[in-house]
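Take a look at the letters that make up each chain.
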Amino acid sequence: MSEQQCMGLTGKGTRCTRKVVEGTQYCKLHNPDKPKEQPIFDRTLNPTQLLKPQTHDATKNLELDDYEVLFLRADEYKAKREQTIKYLLTGTPLDYLMQIASPGWETSSVYLVYGANNVGKTQLANTMAVLNDFDVIWIDGGEDTFRPQRIEEIAKLRGKNPEEVIKRIHVAHAFNASHLEAICAKIPSLFMDLVEQEDGKIHRVFKKAVLQTGKIGLVILDSIAPTFRTQYQGRENLFDRQSGLMNVIMYLRIISQWFNCVVIVTDQIIENPNNTFAFGGPWISQRPVGGPTVTHNFDFQLRFRPSKGNIRVATIMDSSNTPMGEIEFKITSRGIEPVEEPQPR
(Lines give C-alpha, C1' and ligand atoms only; values in the text may rest on other atoms or scores of the structure.)
Protein backbone atom coordinates (compact mmCIF):
# COMPACT_ATOMS: atom_id res chain seq x y z
CA MET A 1 0.00 0.00 0.00
CA SER A 2 1.39 3.39 -0.96
CA GLU A 3 1.86 6.34 1.36
CA GLN A 4 -0.74 8.33 -0.57
CA GLN A 5 -3.40 5.70 0.06
CA CYS A 6 -2.49 5.62 3.74
CA MET A 7 -2.78 9.40 3.94
CA GLY A 8 -6.26 9.29 2.49
CA LEU A 9 -7.45 6.59 4.89
CA THR A 10 -5.89 7.96 8.07
CA GLY A 11 -6.81 11.56 7.35
CA LYS A 12 -3.95 12.95 9.43
CA GLY A 13 -1.62 14.30 6.77
CA THR A 14 2.03 13.83 5.90
CA ARG A 15 3.40 13.94 9.47
CA CYS A 16 1.14 11.12 10.56
CA THR A 17 2.01 9.10 7.46
CA ARG A 18 5.74 9.38 8.19
CA LYS A 19 5.18 8.10 11.73
CA VAL A 20 3.10 5.19 10.47
CA VAL A 21 5.66 4.15 7.84
CA GLU A 22 8.50 4.34 10.36
CA GLY A 23 6.55 2.07 12.68
CA THR A 24 6.39 4.58 15.57
CA GLN A 25 2.61 4.84 15.52
CA TYR A 26 0.12 1.97 15.45
CA CYS A 27 -1.87 1.66 12.22
CA LYS A 28 -4.24 -1.19 11.33
CA LEU A 29 -3.26 -0.84 7.67
CA HIS A 30 0.45 -1.56 8.26
CA ASN A 31 0.32 -3.60 11.48
CA PRO A 32 -3.09 -5.31 11.51
CA ASP A 33 -2.00 -7.94 14.06
CA LYS A 34 -0.18 -5.59 16.45
CA PRO A 35 -2.40 -4.26 19.30
CA LYS A 36 -1.79 -0.83 20.75
CA GLU A 37 -0.40 -1.39 24.24
CA GLN A 38 0.45 1.06 26.97
CA PRO A 39 1.42 0.57 30.63
CA ILE A 40 -1.40 1.59 32.95
CA PHE A 41 -2.55 0.89 36.49
CA ASP A 42 -5.45 -1.49 36.82
CA ARG A 43 -7.62 0.71 39.03
CA THR A 44 -9.55 -2.11 40.72
CA LEU A 45 -9.21 -2.65 44.45
CA ASN A 46 -6.88 -5.66 44.12
CA PRO A 47 -3.48 -4.55 45.51
CA THR A 48 -1.67 -7.33 43.65
CA GLN A 49 -2.76 -5.83 40.36
CA LEU A 50 -2.32 -2.25 41.55
CA LEU A 51 1.32 -2.57 42.57
CA LYS A 52 2.59 -3.50 39.12
CA PRO A 53 1.69 -1.74 35.84
CA GLN A 54 -0.46 -3.94 33.65
CA THR A 55 -0.55 -4.24 29.86
CA HIS A 56 -3.86 -3.02 28.54
CA ASP A 57 -5.14 -3.97 25.09
CA ALA A 58 -6.75 -0.82 23.71
CA THR A 59 -8.78 -2.89 21.22
CA LYS A 60 -10.62 -4.72 24.03
CA ASN A 61 -13.49 -3.03 25.81
CA LEU A 62 -13.93 -3.84 29.50
CA GLU A 63 -17.38 -4.99 30.53
CA LEU A 64 -19.24 -3.14 33.27
CA ASP A 65 -19.18 -6.26 35.44
CA ASP A 66 -15.36 -6.15 35.44
CA TYR A 67 -15.35 -3.02 37.65
CA GLU A 68 -15.78 -3.18 41.40
CA VAL A 69 -18.03 -0.41 42.72
CA LEU A 70 -18.04 0.64 46.38
CA PHE A 71 -20.00 3.47 47.98
CA LEU A 72 -19.32 4.86 51.45
CA ARG A 73 -21.54 7.09 53.52
CA ALA A 74 -20.09 10.53 54.12
CA ASP A 75 -19.57 9.84 57.83
CA GLU A 76 -17.74 6.60 57.03
CA TYR A 77 -15.57 8.39 54.48
CA LYS A 78 -14.81 11.13 57.03
CA ALA A 79 -13.78 8.54 59.64
CA LYS A 80 -11.58 6.78 57.09
CA ARG A 81 -9.84 10.04 56.17
CA GLU A 82 -9.29 10.92 59.82
CA GLN A 83 -7.55 7.59 60.33
CA THR A 84 -5.25 7.91 57.31
CA ILE A 85 -4.72 11.64 56.67
CA LYS A 86 -1.83 13.08 58.66
CA TYR A 87 -0.28 16.53 58.54
CA LEU A 88 3.34 17.24 57.73
CA LEU A 89 4.90 20.25 59.46
CA THR A 90 8.30 21.33 58.22
CA GLY A 91 8.92 24.65 59.97
CA THR A 92 8.56 26.80 56.83
CA PRO A 93 6.47 29.99 56.57
CA LEU A 94 4.07 28.20 54.26
CA ASP A 95 3.04 25.94 57.14
CA TYR A 96 1.19 28.93 58.60
CA LEU A 97 -0.57 29.44 55.28
CA MET A 98 -1.65 25.79 55.23
CA GLN A 99 -2.99 26.08 58.79
CA ILE A 100 -5.80 28.46 57.82
CA ALA A 101 -8.18 25.50 57.55
CA SER A 102 -5.99 22.48 58.39
CA PRO A 103 -3.10 21.69 60.76
CA GLY A 104 -0.49 21.66 57.97
CA TRP A 105 0.46 19.89 54.74
CA GLU A 106 -2.01 17.07 54.12
CA THR A 107 -0.72 13.61 53.34
CA SER A 108 -2.37 11.69 50.51
CA SER A 109 -2.51 15.03 48.68
CA VAL A 110 -0.73 16.42 45.62
CA TYR A 111 0.41 20.07 45.67
CA LEU A 112 1.20 22.17 42.61
CA VAL A 113 3.70 25.00 43.14
CA TYR A 114 4.16 27.20 40.08
CA GLY A 115 5.76 30.52 39.28
CA ALA A 116 8.41 32.28 37.23
CA ASN A 117 12.12 31.55 37.44
CA ASN A 118 13.88 32.37 40.73
CA VAL A 119 10.79 32.69 42.92
CA GLY A 120 11.68 29.93 45.39
CA LYS A 121 10.03 26.75 44.08
CA THR A 122 13.18 24.64 44.31
CA GLN A 123 14.20 26.34 47.58
CA LEU A 124 10.86 25.26 49.08
CA ALA A 125 11.58 21.70 47.96
CA ASN A 126 15.10 21.86 49.45
CA THR A 127 13.84 23.19 52.77
CA MET A 128 11.04 20.63 53.09
CA ALA A 129 13.38 17.78 52.14
CA VAL A 130 15.72 18.79 54.98
CA LEU A 131 13.08 19.42 57.65
CA ASN A 132 10.99 16.36 56.84
CA ASP A 133 11.66 13.52 59.30
CA PHE A 134 11.11 10.67 56.82
CA ASP A 135 12.66 9.50 53.58
CA VAL A 136 12.24 11.72 50.53
CA ILE A 137 11.92 10.86 46.84
CA TRP A 138 13.26 13.60 44.57
CA ILE A 139 12.48 13.33 40.85
CA ASP A 140 14.40 15.75 38.65
CA GLY A 141 12.10 16.49 35.74
CA GLY A 142 14.71 17.88 33.36
CA GLU A 143 15.92 21.12 34.96
CA ASP A 144 18.73 19.43 36.94
CA THR A 145 18.01 21.50 40.05
CA PHE A 146 18.97 19.03 42.78
CA ARG A 147 22.23 20.00 44.47
CA PRO A 148 23.48 17.91 47.43
CA GLN A 149 25.67 20.83 48.52
CA ARG A 150 22.57 23.02 48.96
CA ILE A 151 20.85 20.31 51.00
CA GLU A 152 23.90 19.99 53.25
CA GLU A 153 24.10 23.77 53.70
CA ILE A 154 20.47 24.06 54.79
CA ALA A 155 20.76 21.02 57.07
CA LYS A 156 23.89 22.34 58.79
CA LEU A 157 22.43 25.81 59.37
CA ARG A 158 19.22 24.32 60.76
CA GLY A 159 20.97 22.02 63.21
CA LYS A 160 20.51 18.78 61.27
CA ASN A 161 23.16 16.17 60.53
CA PRO A 162 23.97 16.70 56.82
CA GLU A 163 25.13 13.12 56.29
CA GLU A 164 21.91 11.66 57.69
CA VAL A 165 19.77 14.03 55.66
CA ILE A 166 21.56 13.19 52.41
CA LYS A 167 21.23 9.44 53.00
CA ARG A 168 17.43 9.54 53.22
CA ILE A 169 16.90 11.44 49.95
CA HIS A 170 16.46 9.20 46.89
CA VAL A 171 17.11 11.02 43.59
CA ALA A 172 16.14 10.06 40.03
CA HIS A 173 16.75 12.09 36.85
CA ALA A 174 14.31 12.00 33.94
CA PHE A 175 15.92 12.38 30.52
CA ASN A 176 12.68 12.72 28.53
CA ALA A 177 8.94 12.63 29.01
CA SER A 178 8.66 8.85 28.53
CA HIS A 179 11.42 8.30 31.08
CA LEU A 180 9.58 10.52 33.56
CA GLU A 181 6.43 8.45 33.13
CA ALA A 182 8.43 5.26 33.68
CA ILE A 183 10.02 6.61 36.87
CA CYS A 184 6.66 7.57 38.36
CA ALA A 185 5.10 4.25 37.34
CA LYS A 186 7.89 2.16 38.93
CA ILE A 187 8.19 4.00 42.26
CA PRO A 188 5.65 1.74 44.07
CA SER A 189 7.42 -1.48 43.06
CA LEU A 190 10.84 -0.02 43.97
CA PHE A 191 9.89 1.05 47.48
CA MET A 192 7.02 -1.31 48.44
CA ASP A 193 6.40 -5.03 48.73
CA LEU A 194 3.21 -7.07 48.79
CA VAL A 195 2.92 -9.12 51.99
CA GLU A 196 0.17 -11.56 52.91
CA GLN A 197 -0.98 -10.96 56.48
CA GLU A 198 -2.52 -13.38 58.96
CA ASP A 199 -6.01 -12.40 57.88
CA GLY A 200 -5.21 -13.72 54.40
CA LYS A 201 -5.31 -10.28 52.81
CA ILE A 202 -2.43 -8.83 50.83
CA HIS A 203 -1.06 -5.54 52.15
CA ARG A 204 1.46 -3.06 50.81
CA VAL A 205 4.44 -2.46 53.07
CA PHE A 206 7.57 -0.34 52.67
CA LYS A 207 10.87 -2.01 51.88
CA LYS A 208 12.84 -1.43 55.05
CA ALA A 209 16.14 -2.36 53.38
CA VAL A 210 16.12 0.64 51.02
CA LEU A 211 14.69 3.23 53.43
CA GLN A 212 16.59 4.92 56.24
CA THR A 213 13.51 5.79 58.31
CA GLY A 214 11.20 2.98 57.19
CA LYS A 215 8.70 5.34 55.55
CA ILE A 216 8.50 7.87 52.73
CA GLY A 217 6.97 11.13 53.88
CA LEU A 218 7.60 13.42 50.90
CA VAL A 219 7.79 13.06 47.11
CA ILE A 220 9.09 15.98 45.03
CA LEU A 221 8.89 16.38 41.26
CA ASP A 222 10.91 19.40 40.12
CA SER A 223 9.64 20.11 37.51
CA ILE A 224 6.84 18.44 35.53
CA ALA A 225 6.95 20.59 32.39
CA PRO A 226 10.44 20.71 30.73
CA THR A 227 10.60 17.22 29.23
CA PHE A 228 7.08 17.45 27.79
CA ARG A 229 7.69 20.92 26.34
CA THR A 230 10.83 19.61 24.63
CA GLN A 231 9.58 16.24 23.42
CA TYR A 232 6.11 17.29 22.22
CA GLN A 233 6.33 20.48 20.18
CA GLY A 234 3.58 21.79 17.94
CA ARG A 235 -0.19 21.59 18.03
CA GLU A 236 -0.21 18.20 16.28
CA ASN A 237 1.47 16.66 19.37
CA LEU A 238 -0.83 18.34 21.89
CA PHE A 239 -2.85 15.18 22.58
CA ASP A 240 0.26 13.09 23.28
CA ARG A 241 1.69 15.78 25.55
CA GLN A 242 -1.49 16.20 27.59
CA SER A 243 -1.94 12.42 27.87
CA GLY A 244 1.61 12.07 29.17
CA LEU A 245 1.09 14.84 31.72
CA MET A 246 -2.12 13.19 32.88
CA ASN A 247 -0.34 9.84 33.29
CA VAL A 248 2.36 11.40 35.47
CA ILE A 249 -0.20 13.18 37.64
CA MET A 250 -2.23 9.97 37.99
CA TYR A 251 0.83 8.00 39.08
CA LEU A 252 1.77 10.67 41.63
CA ARG A 253 -1.75 10.70 43.03
CA ILE A 254 -1.68 6.92 43.50
CA ILE A 255 1.74 7.22 45.17
CA SER A 256 0.44 9.87 47.56
CA GLN A 257 -2.41 7.58 48.62
CA TRP A 258 -0.40 4.36 48.90
CA PHE A 259 2.53 5.98 50.72
CA ASN A 260 0.22 8.33 52.67
CA CYS A 261 2.72 11.08 51.95
CA VAL A 262 2.85 14.66 50.68
CA VAL A 263 3.59 15.08 46.96
CA ILE A 264 4.89 18.45 45.74
CA VAL A 265 5.10 19.16 42.00
CA THR A 266 6.67 22.36 40.67
CA ASP A 267 5.74 23.80 37.31
CA GLN A 268 6.84 26.53 34.95
CA ILE A 269 4.52 29.26 33.69
CA ILE A 270 3.26 30.65 30.42
CA GLU A 271 2.25 34.26 29.83
CA ASN A 272 -1.06 35.40 28.39
CA PRO A 273 -0.12 38.57 26.47
CA ASN A 274 -3.74 39.74 26.40
CA ASN A 275 -3.74 40.11 30.19
CA THR A 276 -0.22 41.44 30.72
CA PHE A 277 -1.46 44.85 31.84
CA ALA A 278 -4.46 43.58 33.76
CA PHE A 279 -5.31 45.06 37.14
CA GLY A 280 -3.30 43.41 39.89
CA GLY A 281 0.09 43.18 38.22
CA PRO A 282 1.69 41.20 35.40
CA TRP A 283 1.61 37.91 37.37
CA ILE A 284 -2.17 37.82 36.89
CA SER A 285 -1.48 36.71 33.29
CA GLN A 286 0.73 33.81 34.41
CA ARG A 287 -0.68 30.30 34.13
CA PRO A 288 0.97 26.94 34.86
CA VAL A 289 2.24 25.02 31.85
CA GLY A 290 -0.10 22.19 30.91
CA GLY A 291 -3.38 24.06 30.88
CA PRO A 292 -6.54 22.48 32.33
CA THR A 293 -4.89 19.05 32.46
CA VAL A 294 -2.64 20.41 35.21
CA THR A 295 -4.88 22.95 36.94
CA HIS A 296 -7.83 20.57 37.42
CA ASN A 297 -5.92 17.61 38.85
CA PHE A 298 -4.16 18.88 41.97
CA ASP A 299 -5.53 19.11 45.49
CA PHE A 300 -3.75 22.41 46.18
CA GLN A 301 -2.31 25.08 43.90
CA LEU A 302 0.28 27.55 45.19
CA ARG A 303 1.54 30.43 43.08
CA PHE A 304 4.89 32.06 43.90
CA ARG A 305 5.68 35.56 42.71
CA PRO A 306 8.55 37.98 43.40
CA SER A 307 8.41 41.03 45.63
CA LYS A 308 11.14 43.39 46.80
CA GLY A 309 14.70 42.03 47.02
CA ASN A 310 14.73 38.45 48.23
CA ILE A 311 11.10 38.65 49.38
CA ARG A 312 8.60 36.33 47.71
CA VAL A 313 4.82 35.98 48.01
CA ALA A 314 3.00 32.63 48.12
CA THR A 315 -0.70 32.54 47.23
CA ILE A 316 -3.17 29.68 47.55
CA MET A 317 -4.88 29.73 44.17
CA ASP A 318 -7.06 26.64 44.55
CA SER A 319 -7.93 24.19 47.31
CA SER A 320 -10.83 21.96 48.26
CA ASN A 321 -10.84 22.92 51.93
CA THR A 322 -8.51 25.91 52.36
CA PRO A 323 -9.55 29.47 51.48
CA MET A 324 -7.38 31.67 49.33
CA GLY A 325 -4.64 33.50 51.20
CA GLU A 326 -1.18 35.00 50.86
CA ILE A 327 1.99 35.05 52.91
CA GLU A 328 5.42 36.60 52.42
CA PHE A 329 8.67 34.71 52.83
CA LYS A 330 12.32 35.27 52.03
CA ILE A 331 15.04 33.12 50.53
CA THR A 332 18.21 32.85 52.62
CA SER A 333 21.08 30.45 53.10
CA ARG A 334 18.76 28.52 55.47
CA GLY A 335 16.24 27.93 52.70
CA ILE A 336 12.94 29.78 52.95
CA GLU A 337 12.18 31.73 56.11
CA PRO A 338 9.48 34.11 57.33
CA VAL A 339 9.95 37.82 56.75
CA GLU A 340 8.67 38.38 60.28
CA GLU A 341 6.25 36.53 62.51
CA PRO A 342 4.21 34.76 59.78
CA GLN A 343 0.67 36.02 59.51
CA PRO A 344 -1.45 34.84 56.57
CA ARG A 345 -3.19 37.67 54.74
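(A) Structural view of the overall build of the protein chain. Within the protein chain one finds 12 helices and 17 strands. When burial is assessed residue by residue, the protein chain has 43% of its 345 residues classed as buried. In the protein chain, 60% of the contacts between residues at least 6 apart in sequence involve partners at least 24 apart. A total of about 18,900 Å² of accessible surface is found on the protein chain, and carbon and sulfur atoms cover 51% of it.

(B) Structural context of the confidence of the model for the protein chain. Counting all residues, the mean pLDDT for the protein chain is 78, and 74% of those residues have values of 70 or more. Predicted confidence for residues 1-60 stays below pLDDT 50, and this span has 81 contacts to residues more than four positions away or in other chains.

(C) Expanded view of the side chain of Thr-315. If you trace the backbone, Thr-315 turns up in strand β15 (residues 311-319). The buried category is assigned to Thr-315, whose relative accessible area is 3%. Side-chain polar atoms of Thr-315 contact the side chain of Glu-326, separated by 3.1 Å. Apart from the residues lying within four places of it in its own chain, the contact partners of Thr-315 are Gln-301, Leu-302, Arg-303, Gly-325 and Glu-326.

(D) View of the pattern of salt bridges. All told, the structure shown has 10 salt bridges when counted by the stated rule. The salt bridge involving Lys-160 is made with Asp-133; its shortest N-O contact spans 3.5 Å. On the criterion of sequence distance, the pair formed by Lys-160 in the loop between α7 (148-157) and α8 (162-167) and Asp-133 in the loop between α6 (121-131) and β6 (135-140) is long-range, its members being 27 residues apart. For Asp-133, a relative accessible area of 53% corresponds to the exposed category. The shortest N-O distance in the salt bridge between Glu-326 and Arg-305 comes to 3.6 Å.

(E) Representation of a nonpolar patch on the surface within the structure. Taken together, Leu-70, Leu-72 and Tyr-77 make up a surface patch of nonpolar side chains, about 320 Å² in accessible area. Summarising the element assignment, Leu-72 is placed in the loop between β2 (54-57) and α4 (74-84).

(F) How the structure looks around the packing of helix α9 (residues 177-191) against helix α11 (residues 238-259). Where α9 contacts α11, the axes come no closer than 8 Å and their chain directions differ by 20°. Considered as vectors, α9 and α11 are oriented roughly parallel to each other. At the point where α9 passes α11, the crossing takes the left-handed sense. Facing Leu-180, Glu-181, Cys-184, Ala-185, Ile-187, Pro-188 and Phe-191 of α9, the residues of α11 in contact are Gly-244, Asn-247, Val-248, Tyr-251, Leu-252, Ile-255, Trp-258 and Phe-259. Considered class by class, the residues forming the contact of α9 with α11 number 12 nonpolar, two polar and one charged.

(G) Summary view of the nonpolar core. Among the nonpolar cores identified, the biggest contains 38 residues, and Leu-252 and Phe-259 are the most heavily contacted of them. Elements with a contribution of two residues or more to this core: β5 (109-115), β6, α9, β10 (216-222), α11 and β11 (262-267). Met-98, Tyr-111, Leu-131 and Val-165 belong to the second-largest nonpolar core, a separate cluster that totals 35 residues.

(H) The arrangement of the sheet that holds β15 in detail. The nine strands are arranged β7-β6-β10-β11-β5-β14-β15-β16-β17 in an open sheet whose pairing can be described as mixed. What marks the edges here is a single partner per strand, and that holds for β7 (169-173) and β17 (335-338). The mean angle between the axes of side-by-side strands here comes to 25°, regardless of whether they run parallel or antiparallel. Note: strand β14 (residues 300-306) against β15, seven bridges, orientation antiparallel. Bridged to Phe-300 within β15 is Ser-319. In the packing of α9 onto the sheet, the strands contacted are β6, β7 and β10, and the crossing angle to β6 comes to about 160°.

(I) Molecular detail of the pairing of β14. Burial within β14 is extensive, with six of its seven residues counted as buried. Two strands pair when backbone bridges link them, and β5 and β14 are joined in this way by five bridges, in the parallel orientation. Bridge assignment links Leu-112 to a residue of β14, and that residue is Gln-301. Hairpin connection, β14 to β15: the antiparallel pair is bridged by four residues, and Gly-309 has positive phi, about 60°.

(J) Looking closely at unusual backbone geometry. In the segment running from Asp-222 into Ser-223, the intervening peptide bond is cis, with an omega of 5°. Mapped onto the elements, Ser-223 comes out in the loop between β10 and α10 (226-231). Backbone geometry at Asn-118 places phi at a positive 65°, although glycine is not the residue there. You can see Asn-118 is positioned in the loop between β5 and α6. Even without glycine at this site, Asp-144 takes up a positive phi of about 55°. Within the fold, Asp-144 resides in the loop between β6 and α7.

(K) Structural detail: the packing of α6 against α7. Viewed as axis vectors pointing N to C, α6 and α7 meet at an angle of 55°, and their least axial separation amounts to 9 Å. Between α6 and α7, the angle is such that the two are oblique. Handedness of the crossing formed by α6 with α7: right-handed. For the pair α6 and α7, the contacting residues are Gln-123, Asn-126, Thr-127, Ala-129 and Val-130 in the first and Arg-150, Ile-151, Ile-154 and Ala-155 in the second. Broken down by class, the residue content of the contact of α6 with α7 amounts to five nonpolar, three polar and one charged.

Reading the values: the criteria
Residues numbered from 1 in each chain as written. Predicted model: local features only at pLDDT ≥ 70, side-chain atom pairs only at ≥ 80, totals over all residues. Heavy atoms only, no water. Helix = DSSP H or I, 4+ residues; strand = E, 2+ residues; numbered from the N terminus. Buried < 20%, exposed > 50% of the residue type's maximum accessible area, 1.4 Å probe, protein only. Contact = heavy atoms within 4.5 Å. Areas by Shrake-Rupley, 256 points an atom, 1.4 Å probe, with all protein chains shown as cover. pLDDT = per-residue confidence, 0-100. Polar contact = N/O pair within 3.5 Å; in protein donor to acceptor, adjacent residues only side chain to side chain. Salt bridge = Lys/Arg side-chain N within 4 Å of Asp/Glu carboxyl O. Patch = residues over 30% accessible without salt bridge, like charges linked within 9 Å, V, L, I, M, F, W, Y side chains within 5 Å. Axes fitted to C-alpha atoms, helices over the stretch in contact; angles between N-to-C directions. Parallel < 35°, antiparallel > 145°, perpendicular 65-115°, else oblique. Left-handed = near helix turned anticlockwise from the far one by under 90°. Nonpolar A, V, L, I, M, F, W, Y, C, P; charged D, E, K, R; others polar. Core = buried A, V, L, I, M, F, W, Y, C linked by side-chain atoms within 4.5 Å. Pairing = 2+ DSSP bridges.

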